[in-house]
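Close look at the chain arrangement
One-letter residues, chain by chain:
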Amino acid sequence: MPYFAVICRDAPGMLETRLAVRERHLDHLGRRAGVLVAGPFIENDKPCGSLLIVEGESLAEVSDWAGYDPYAEAGVFASVEIVEWRKVIG
């Protein structure tokens, strides 16, 4: 099964919203088999986006799943880029 990088950048001023929906976001990630790694980008000691590496059937399937992330539904992300990724080391 292919891997995909989900690269999310937060919209300005969304830190409070991010923190408010964090538990729902983590639950969403935890319910999907194949989430290999996930975590926030950090700027000035504060989260400002997210990076996930997930296994998926297709780009369309992963994109559909990512659209139901509580962060995405709450408008936390200004942008989401999903690209196929190939593991070479690790």
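Residues numbered from 1 in each chain as written. Predicted model: local features only at pLDDT ≥ 70, side-chain atom pairs only at ≥ 80, totals over all residues. Heavy atoms only, no water.

Identification of the protein chain as YciI family protein from Paracoccus limosus is taken from an unreviewed UniProt entry. UniProt lists a comment for the protein chain under the heading Sequence similarities (unreviewed entry), and it reads "Belongs to the YciI family." (UniProt positions renumbered as here; feature names shortened; annotations may be inferred.)

Those places that UniProt annotates as "domain: YCII-related" (unreviewed entry) correspond, in this numbering, to residues 4–86. When the span residues 4–86 is considered, its composition is 35% helix and 42% strand, and the gap between its end C-alpha atoms is 8 Å. (Helix = DSSP H or I, 4+ residues; strand = E, 2+ residues; numbered from the N terminus.)

Once that is clear, we can look at the pairing of strand S3 (residues 46–55). Here seven bridges tie strand S1 (residues 3–10) to S3, and the two strands are oriented antiparallel to one another. Bridge pairing in S3 links Arg 9 to Gly 49. Bridge analysis of strand S2 (residues 35–43) against S3 gives eight bridges, and the strand direction is antiparallel. Within the sheet, the bridge partner assigned to Pro 40 lies in S3 and is Ser 50. (Pairing = 2+ DSSP bridges.)

Let us look at the pattern of salt bridges. Taken as a whole and assessed by the stated rule, the structure comprises four salt bridges. When the shortest N-O distance is used, the salt bridge between Glu 23 and Arg 22 registers 3.6 Å. Residue Asp 27 is joined to Arg 31 by a salt bridge in which the shortest nitrogen-to-oxygen separation is 2.9 Å. In this structure Arg 31 comes out as exposed when scored by relative accessible area, which is 60%. (Salt bridge = Lys/Arg side-chain N within 4 Å of Asp/Glu carboxyl O. Buried < 20%, exposed > 50% of the residue type's maximum accessible area, 1.4 Å probe, protein only.)

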